[in-house]
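Inside the fold
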Amino acid sequence: KVLNNCASGHTQLLYVSPERLASNRFFFFFKTLPVSMIAVDEAHCISQWGYDFRPAYLKINEFRSLFNCPILALTATATDEVQLDILKQLGIPTAKIFKSSFKRENLSLVVREQENKSSEIVHILKKLKTSALVYVRNRRQTVEICNDLQREGISAGFYHAGLPVESRNERQKSWIENKIRVMVCTNAFGMGVDKSDVSVVIHADLPNSLEEYFQEVGRAGRNGSKAYGVL
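Residues numbered from 1 in each chain as written. Predicted model: local features only at pLDDT ≥ 70, side-chain atom pairs only at ≥ 80, totals over all residues. Heavy atoms only, no water.

Some details on the sheet that holds strand S3 (residues 107-110)
- Reading across from one edge, S3-S8-S7-S4-S6-S5 is the order of the six strands in this open sheet, with parallel pairing throughout. Of all the strands in the sheet, the pair left with one neighbour each is S3 and strand S5 (156-159). Looking at each pair of strands side by side, their axes are set apart by 15 degrees on average, direction ignored.
- As paired strands, S3 and strand S8 (residues 227-230) are joined by four bridges and run parallel to one another. Across the sheet, the residue bridging to Leu109 is Gly229, located in S8.
- Sitting on the sheet, helix H5 (residues 117-127) touches strand S4 (131-135), strand S6 (182-185), strand S7 (198-203) and S8, and the angle it makes with S7 is about 175 degrees. (Pairing = 2+ DSSP bridges. Helix = DSSP H or I, 4+ residues; strand = E, 2+ residues; numbered from the N terminus. Axes fitted to C-alpha atoms, helices over the stretch in contact; angles between N-to-C directions. Contact = heavy atoms within 4.5 Å.)

Quick look at the pairing of S4
- With five of five residues buried, S4 is to be regarded as a mostly interior element.
- Residues Ser131, Leu133 and Tyr135 line one face of S4 and the alternating positions Ala132 and Val134 line the opposite face, and both faces are buried.
- As defined by bridge partners, S4 adjoins S7 across five bridges and the pair is classed as parallel. Within S7, the position partnered with Val134 by the bridge is Ile202. (Buried < 20%, exposed > 50% of the residue type's maximum accessible area, 1.4 Å probe, protein only.)

A short note on helix H8 (residues 210-217)
- Residues of H8 that are buried: Glu212, Tyr213, Gln215, Glu216 and Val217.
- On its buried face, H8 is in contact with S3, S4, S7 and S8.

A few points about the pattern of salt bridges
- Under the counting rule described, the total for this entry stands at 12 salt bridges.
- With a shortest N-O distance of 2.3 Å, Arg151 and Asp148 are connected by a salt bridge. With Arg151 and Asp148 both in helix H6 (residues 139-151) and three residues apart, this pair spans about one turn of that helix.
- Residue classification places Asp148 among the partly exposed residues on the basis of a relative accessible area of 22%.
- Put simply, Arg222 and Asp194 hold a salt bridge, and the shortest N to O gap is 3.1 Å. Highlighted residues: Arg222 in the loop between H8 and S8 and Asp194 in the loop between S6 and S7, separated in sequence by 28 residues.
- Connected through shared salt-bridge partners, Lys173, Glu177 and Lys179 make up one network. (Salt bridge = Lys/Arg side-chain N within 4 Å of Asp/Glu carboxyl O.)

Description of the side chain of Asp85
- Along the polypeptide, Asp85 turns up in helix H4 (residues 80-89).
- In terms of polar contacts, Asp85 uses its side chain to reach the side chain of Ser47, at 2.7 Å.
- Only 3.4 Å separates the side chain of Asp85 from the backbone nitrogen of Gln48, close enough to count as a polar contact.
- The contacts of Asp85, once residues within four sequence positions are left out, are Ser47, Gln48 and Trp49. (Polar contact = N/O pair within 3.5 Å; in protein donor to acceptor, adjacent residues only side chain to side chain.)

Quick word on the pairing of S6
- Taking every second residue as pointing to the same face, both faces of S6 are buried, with Val182 and Val184 on one and Met183 and Cys185 on the other.
- Sheet topology places S4 next to S6; four bridges connect them, and they run parallel. Each residue of the ladder has a partner; that of Ala132, found in S6, is Val182.

Some details on helix H7 (residues 165-176)
- For H7, spanning 12 residues, the distance from its first C-alpha to its last is 16 Å, which sits close to the expected 16 Å at 1.5 Å a residue.
- Listed in full, the buried residues belonging to H7 are Ser167, Ser174 and Trp175. Seen along its axis, H7 keeps its buried residues to an arc of 95 degrees; they face one direction.
- On its buried side, H7 packs onto S4, S6 and S7. (Expected span 1.5 Å × (residues − 1). Arc of directions from axis to C-beta.)

Section: the packing of H5 against H6
- Relative to each other, H5 and H6 sit at 50 degrees, their axes nearing to 10 Å. Judged on the interaxial angle alone, H6 and H5 are oblique. As for how H5 packs across H6, the hand of that crossing is right-handed. Contacts between H5 and H6 pair Ser118, Ile121, Val122 and Leu125 from the former with Ile145, Asp148 and Leu149 from the latter.
- Classifying every residue of the contact of H5 with H6 by side-chain character gives five nonpolar, one polar and one charged. (Parallel < 35°, antiparallel > 145°, perpendicular 65-115°, else oblique. Left-handed = near helix turned anticlockwise from the far one by under 90°. Nonpolar A, V, L, I, M, F, W, Y, C, P; charged D, E, K, R; others polar.)

Following this line, the structure appears as C-alpha coordinates:
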(Lines give C-alpha, C1' and ligand atoms only; values in the text may rest on other atoms or scores of the structure.)
Protein backbone atom coordinates (compact mmCIF):
# COMPACT_ATOMS: atom_id res chain seq x y z
CA LYS A 1 0.00 0.00 0.00
CA VAL A 2 2.79 2.40 0.93
CA LEU A 3 4.72 1.68 -2.28
CA ASN A 4 1.56 2.20 -4.34
CA ASN A 5 0.99 5.56 -2.65
CA CYS A 6 4.55 6.55 -3.56
CA ALA A 7 4.03 5.48 -7.19
CA SER A 8 0.80 7.46 -7.47
CA GLY A 9 2.40 10.63 -6.04
CA HIS A 10 0.33 10.67 -2.84
CA THR A 11 3.37 10.28 -0.57
CA GLN A 12 5.57 13.34 -0.22
CA LEU A 13 7.72 12.22 2.71
CA LEU A 14 8.76 8.60 3.28
CA TYR A 15 10.64 7.31 6.33
CA VAL A 16 12.70 4.20 5.58
CA SER A 17 15.09 2.18 7.71
CA PRO A 18 18.48 1.63 6.01
CA GLU A 19 17.90 -2.12 6.43
CA ARG A 20 14.99 -1.77 3.99
CA LEU A 21 17.49 -0.97 1.23
CA ALA A 22 18.62 -4.60 1.34
CA SER A 23 15.29 -5.53 -0.30
CA ASN A 24 15.75 -5.79 -4.09
CA ARG A 25 12.03 -5.21 -4.57
CA PHE A 26 12.19 -1.92 -2.70
CA PHE A 27 15.49 -0.91 -4.29
CA PHE A 28 14.40 -1.39 -7.90
CA PHE A 29 10.88 -0.06 -7.32
CA PHE A 30 12.33 3.28 -6.28
CA LYS A 31 14.48 3.51 -9.39
CA THR A 32 11.27 4.43 -11.25
CA LEU A 33 10.25 7.25 -8.89
CA PRO A 34 11.15 10.97 -8.96
CA VAL A 35 13.01 11.26 -5.65
CA SER A 36 13.75 14.93 -4.99
CA MET A 37 15.90 14.64 -1.85
CA ILE A 38 17.52 12.03 0.40
CA ALA A 39 17.95 12.84 4.11
CA VAL A 40 20.04 10.55 6.32
CA ASP A 41 19.20 10.83 10.01
CA GLU A 42 21.52 9.53 12.76
CA ALA A 43 24.26 9.73 10.14
CA HIS A 44 27.01 8.74 12.61
CA CYS A 45 25.67 5.18 12.18
CA ILE A 46 27.28 5.11 8.72
CA SER A 47 30.79 5.42 10.16
CA GLN A 48 32.77 2.55 11.63
CA TRP A 49 34.20 5.18 13.99
CA GLY A 50 30.71 6.17 15.18
CA TYR A 51 29.41 4.79 18.47
CA ASP A 52 26.47 2.96 16.82
CA PHE A 53 27.82 1.58 13.51
CA ARG A 54 25.18 -0.19 11.40
CA PRO A 55 26.43 -1.84 8.17
CA ALA A 56 23.05 -1.29 6.45
CA TYR A 57 23.85 2.44 6.27
CA LEU A 58 26.61 1.64 3.75
CA LYS A 59 23.87 0.75 1.24
CA ILE A 60 22.70 4.38 1.18
CA ASN A 61 25.45 5.53 -1.21
CA GLU A 62 24.47 2.86 -3.73
CA PHE A 63 20.83 3.96 -3.39
CA ARG A 64 21.78 7.63 -3.72
CA SER A 65 23.64 6.97 -6.98
CA LEU A 66 20.31 6.11 -8.63
CA PHE A 67 19.09 9.69 -8.32
CA ASN A 68 20.36 13.12 -9.28
CA CYS A 69 19.17 14.88 -6.15
CA PRO A 70 20.55 16.64 -3.07
CA ILE A 71 21.50 14.62 0.00
CA LEU A 72 21.49 15.82 3.61
CA ALA A 73 23.11 13.95 6.51
CA LEU A 74 22.25 14.84 10.10
CA THR A 75 23.68 13.79 13.46
CA ALA A 76 24.08 15.16 16.96
CA THR A 77 27.20 13.14 17.73
CA ALA A 78 30.00 13.16 15.19
CA THR A 79 33.66 13.73 15.99
CA ASP A 80 35.85 15.29 13.28
CA GLU A 81 36.94 11.78 12.26
CA VAL A 82 33.34 10.58 12.01
CA GLN A 83 32.30 13.65 9.98
CA LEU A 84 34.94 12.93 7.34
CA ASP A 85 34.00 9.25 7.26
CA ILE A 86 30.31 10.13 6.74
CA LEU A 87 31.25 12.21 3.68
CA LYS A 88 33.42 9.39 2.37
CA GLN A 89 30.81 6.66 2.87
CA LEU A 90 28.08 8.77 1.22
CA GLY A 91 30.36 9.60 -1.72
CA ILE A 92 30.16 13.36 -1.10
CA PRO A 93 33.72 14.30 -0.04
CA THR A 94 33.31 17.99 -0.98
CA ALA A 95 29.94 18.52 0.72
CA LYS A 96 29.59 21.49 3.07
CA ILE A 97 29.57 20.80 6.80
CA PHE A 98 27.38 22.90 9.10
CA LYS A 99 27.99 22.60 12.84
CA SER A 100 26.67 24.23 15.95
CA SER A 101 28.30 24.12 19.36
CA PHE A 102 27.96 21.00 21.49
CA LYS A 103 27.34 23.29 24.45
CA ARG A 104 23.69 23.51 25.50
CA GLU A 105 23.31 26.57 27.72
CA ASN A 106 20.10 25.28 29.36
CA LEU A 107 21.48 21.82 30.15
CA SER A 108 23.45 21.33 33.38
CA LEU A 109 25.57 18.18 33.64
CA VAL A 110 26.10 16.76 37.12
CA VAL A 111 28.20 13.82 38.35
CA ARG A 112 27.38 12.37 41.78
CA GLU A 113 29.11 9.65 43.77
CA GLN A 114 26.41 7.58 45.45
CA GLU A 115 26.43 4.10 46.95
CA ASN A 116 22.65 3.65 46.83
CA LYS A 117 21.83 4.70 43.28
CA SER A 118 18.16 3.80 43.48
CA SER A 119 17.45 6.01 46.50
CA GLU A 120 19.29 8.91 44.87
CA ILE A 121 17.23 8.48 41.68
CA VAL A 122 14.04 8.54 43.79
CA HIS A 123 15.30 11.68 45.56
CA ILE A 124 15.97 13.50 42.27
CA LEU A 125 12.66 12.49 40.69
CA LYS A 126 10.70 13.64 43.73
CA LYS A 127 12.31 17.06 43.40
CA LEU A 128 11.91 17.35 39.62
CA LYS A 129 8.31 16.36 38.99
CA THR A 130 8.40 16.48 35.18
CA SER A 131 9.04 13.99 32.39
CA ALA A 132 12.29 12.05 32.84
CA LEU A 133 14.49 9.25 31.51
CA VAL A 134 16.62 6.88 33.59
CA TYR A 135 19.26 4.95 31.62
CA VAL A 136 20.69 1.73 33.05
CA ARG A 137 23.14 -0.84 31.73
CA ASN A 138 21.04 -4.01 31.62
CA ARG A 139 17.47 -5.28 31.33
CA ARG A 140 17.27 -6.54 34.92
CA GLN A 141 17.99 -3.05 36.26
CA THR A 142 15.16 -1.52 34.22
CA VAL A 143 12.67 -3.69 36.11
CA GLU A 144 14.30 -3.29 39.53
CA ILE A 145 14.58 0.51 39.43
CA CYS A 146 11.12 0.86 37.88
CA ASN A 147 9.69 -1.16 40.80
CA ASP A 148 11.60 1.02 43.29
CA LEU A 149 10.12 4.17 41.75
CA GLN A 150 6.60 2.78 41.70
CA ARG A 151 6.86 1.82 45.39
CA GLU A 152 7.69 5.47 46.09
CA GLY A 153 4.58 6.61 44.23
CA ILE A 154 6.43 7.77 41.11
CA SER A 155 4.73 7.03 37.80
CA ALA A 156 7.25 4.87 35.92
CA GLY A 157 7.59 2.22 33.24
CA PHE A 158 10.50 0.17 31.90
CA TYR A 159 11.79 -0.50 28.39
CA HIS A 160 14.40 -2.79 26.88
CA ALA A 161 15.03 -4.64 23.62
CA GLY A 162 13.82 -7.96 25.04
CA LEU A 163 10.20 -6.82 25.20
CA PRO A 164 7.78 -7.67 22.35
CA VAL A 165 7.52 -4.96 19.68
CA GLU A 166 3.89 -4.21 20.56
CA SER A 167 4.79 -3.73 24.21
CA ARG A 168 7.73 -1.47 23.37
CA ASN A 169 5.59 0.69 21.09
CA GLU A 170 2.84 0.97 23.70
CA ARG A 171 5.26 1.94 26.48
CA GLN A 172 6.99 4.54 24.32
CA LYS A 173 3.59 5.99 23.36
CA SER A 174 2.50 6.14 27.02
CA TRP A 175 5.65 8.04 27.97
CA ILE A 176 5.39 10.48 25.05
CA GLU A 177 1.74 11.17 25.93
CA ASN A 178 2.68 11.66 29.62
CA LYS A 179 0.57 8.72 30.78
CA ILE A 180 3.73 7.64 32.59
CA ARG A 181 6.24 10.23 33.80
CA VAL A 182 9.51 8.29 34.00
CA MET A 183 10.92 5.70 31.60
CA VAL A 184 13.62 3.41 33.00
CA CYS A 185 15.44 1.99 30.01
CA THR A 186 18.52 0.60 28.34
CA ASN A 187 20.09 2.39 25.38
CA ALA A 188 17.56 0.56 23.17
CA PHE A 189 15.17 3.42 24.00
CA GLY A 190 15.18 6.91 22.56
CA MET A 191 16.43 6.76 18.97
CA GLY A 192 14.30 9.21 17.02
CA VAL A 193 12.29 10.28 20.08
CA ASP A 194 11.81 14.04 20.29
CA LYS A 195 9.96 15.00 23.48
CA SER A 196 10.29 18.63 24.42
CA ASP A 197 9.37 18.58 28.14
CA VAL A 198 12.02 16.18 29.50
CA SER A 199 13.71 18.03 32.38
CA VAL A 200 16.15 15.37 33.54
CA VAL A 201 18.06 12.41 32.08
CA ILE A 202 19.66 10.23 34.73
CA HIS A 203 22.38 7.68 34.00
CA ALA A 204 22.76 5.00 36.66
CA ASP A 205 25.78 3.60 34.78
CA LEU A 206 28.48 4.94 32.49
CA PRO A 207 27.54 4.73 28.80
CA ASN A 208 30.00 3.10 26.39
CA SER A 209 31.35 6.41 25.04
CA LEU A 210 31.13 10.18 25.35
CA GLU A 211 29.25 10.29 22.04
CA GLU A 212 26.64 7.88 23.36
CA TYR A 213 26.33 9.88 26.58
CA PHE A 214 25.85 13.15 24.70
CA GLN A 215 23.22 11.56 22.45
CA GLU A 216 21.21 10.29 25.42
CA VAL A 217 21.58 13.24 27.77
CA GLY A 218 20.66 15.56 24.90
CA ARG A 219 17.07 14.31 25.14
CA ALA A 220 16.63 16.67 28.09
CA GLY A 221 15.69 20.33 27.75
CA ARG A 222 14.73 20.38 24.08
CA ASN A 223 12.14 23.09 24.78
CA GLY A 224 14.91 25.45 25.90
CA SER A 225 13.93 25.30 29.58
CA LYS A 226 16.38 24.49 32.37
CA ALA A 227 17.23 20.77 32.38
CA TYR A 228 19.67 18.38 34.00
CA GLY A 229 21.82 15.42 33.08
CA VAL A 230 22.81 13.45 36.16
CA LEU A 231 25.42 10.69 36.08
